[in-house]
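The primary structure of each chain is shown beneath.
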Amino acid sequence: TLKPEQKRKQKLTVRFETPPGKQAQVDWSYCGRFSTPEGKTIPIYFFIIVLSYSRMIFIQFTTSMKMPELLRCHQDAFEFFGGWPETILYDNMKQVKISRNQWNETFMDFANHYGFIPKTHRPYRPRTKGKVERGADYIKGNFLTGRSFDGISDLNAQALHWMNNTANTRVHGTTKKRPIDLFPQETLIPYESTKPYRHIDPVARKVNYESMVNYLGSRYSVPPEYAGKTVEVTAQGGMIIINCLDIVVAEHRQALKPGQCIVNKDHIAELWKLTEQQVKPPSKTPWNVTFQPSVQQTPLAIFEEIST
């Protein structure tokens, strides 16, 4: 008889309404695995951040929840909102907090760069960030259900349209107001006040002899002088940055989908130039044929006729 009462007490929650610009809540959500045209299956997740006062939502779909994607999603959200609040609340994800008393150093460097305070809810009490939890359920039930998408790019394009025309313009069930109408009251730290954070999380790759590097299923060109060498590849804010011995040797816009080949025309021109210089004359064969010059012999009878 004590168990039902204990469970009832565990569910007791005090609703906490934050003032404008004070807090946002962040979460990841898994959407399932889907097949690519190449026959592979990839996971799809969405990053969601909700401004706690206005309930403005930003979402972005990804194929990974690793640190580079988490930071990029934050930066895209900050640009979408035009800023960020004083604090951001998370669950106990390893990208944010390695253990109960240890923060992820990379994430703390990111938070310090933008000047917001990260916080996490108590273990086993996700209701502390109920605004973002309900937002994730809303996305799955309202946006994803019954729709079809042509890859990640189309998924995010439709999500942006849905945010601007549905999620942030509907009357919210709790506030009884539209998030877009409350949003002007948010006192966010301005987006322009801080330079974009550059995350360095390089991956070692060997440049092939076509002067290309393979990264996340796509190929990127580098100057041909680095063919055969090992370089470090980093994805930052939609850019692919390739370093060799702490020198940036190439920068490209990141491919929109796997299987693309992104090249710099100067790299290809130099590659053509070098390959033409390397064309060798035909090699000497290990055997020889000597042709003697043919000399026409004039019959003696002709000279006899001339002499007479």
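Residues numbered from 1 in each chain as written. Predicted model: local features only at pLDDT ≥ 70, side-chain atom pairs only at ≥ 80, totals over all residues. Heavy atoms only, no water.

**Examining the sheet that holds strand 3 (residues 57-62)**
1) Next: Reading across from one edge, 3-2-1-5-8 is the order of the five strands in this open sheet, with mixed pairing throughout. One side of each edge strand has no neighbouring strand; the edge strands of this open sheet are strand 3 and strand 8 (117-120). Each strand axis lies, on average, 25 degrees off the axis of its neighbour in the sheet, ignoring direction.
2) Next: Relative to strand 3, helix 2 (residues 67-81) is tilted by about 145 degrees, and along the sheet it contacts strand 1 (23-35), strand 2 (41-51), strand 3 and strand 5 (87-90).
3) Next: The strands touched by helix 5 (residues 151-167) are strand 2 and strand 3; relative to strand 3, the strand with the most contacts, the crossing angle is about 170 degrees. (Pairing = 2+ DSSP bridges. Helix = DSSP H or I, 4+ residues; strand = E, 2+ residues; numbered from the N terminus. Axes fitted to C-alpha atoms, helices over the stretch in contact; angles between N-to-C directions. Contact = heavy atoms within 4.5 Å.)

**What to know about the pairing of strand 5**
1) Next: What you see with strand 5 is no split at all: T87 and L89 on one side and I88 and Y90 on the other are buried throughout.
2) Next: Bridging between strand 1 and strand 5 involves three bridges; their strand directions are parallel. When the bridges of strand 5 are listed, Q25 appears paired with L89.
3) Next: For strand 5 and strand 8, the ladder comprises four bridges, and the chain directions are parallel. Bridging across to strand 8, I88 finds its partner in P118. (Buried < 20%, exposed > 50% of the residue type's maximum accessible area, 1.4 Å probe, protein only.)

**Comments concerning unusual backbone geometry**
1) Next: Positive phi, close to 70 degrees, is recorded for R55, a residue that is not glycine.
2) Next: Within the fold, R55 resides in the loop between strand 2 and strand 3.
3) Next: R55 sits in the buried class, given a relative accessible area of 2%.
4) Next: One non-glycine residue, K176, lies in the positive phi region at around 65 degrees.

**Some points on the nonpolar core**
1) Next: Of all hydrophobic cores here, the largest spans 46 residues; its most connected members are F47, I59, F61, F107, F116 and F143.
2) Next: Contributions of two or more residues to this core are made by strand 1, strand 2, strand 3, helix 2, strand 5, helix 3 (105-114), helix 4 (130-144) and helix 5.
3) Next: Tallying contributions element by element places strand 2 first for this core, with eight residues.
4) Next: Ignoring sequence-local partners within four residues, the contact set of F116 consists of F78, W84, P85, E86, I88, Y90, F107, F110 and A111. (Core = buried A, V, L, I, M, F, W, Y, C linked by side-chain atoms within 4.5 Å.)

**Section: the sheet that holds strand 12 (residues 218-221)**
1) Next: Here we have three strands laid out as an open sheet, ordered 11-12-16, and mixed in their pairing. Edge positions in the open sheet fall to strand 11 (212-215) and strand 16 (261-262), since each of these has one partner strand only.
2) Next: Of the strand pairs in this sheet, strand 11 and strand 12 are connected by four bridges, and their pairing is antiparallel. By the bridge assignment, Y215 is partnered in strand 12 with S218.

**Some remarks on the pattern of salt bridges**
1) Next: Applying the stated rule across the entire model yields five salt bridges.
2) Next: The closest approach of N and O atoms between R72 and E69, which form a salt bridge, is 2.3 Å. Of this pair, R72 and E69 both sit in helix 2, separated by three residues, roughly a single helical turn. In this structure, R72 and E69 share a single accessibility class: buried.
3) Next: For R219, the salt bridge identified is with E210, shortest N-O distance 3.1 Å.
4) Next: Connected through shared salt-bridge partners, E69, R72 and D76 make up one network. (Salt bridge = Lys/Arg side-chain N within 4 Å of Asp/Glu carboxyl O.)

**What about the environment of E192?**
1) Next: For E192, the position within the fold is in the loop between strand 9 (189-190) and strand 10 (203-206).
2) Next: Relative accessible area serves as the criterion here: at 67%, E192 is assigned to the exposed category.
3) Next: Remark: the alpha-carbon pair of E192 and F78, spanning 114 residues in sequence, is separated by 10.0 Å.

Remember that the coordinates give geometry; whether it matters functionally is a separate question.
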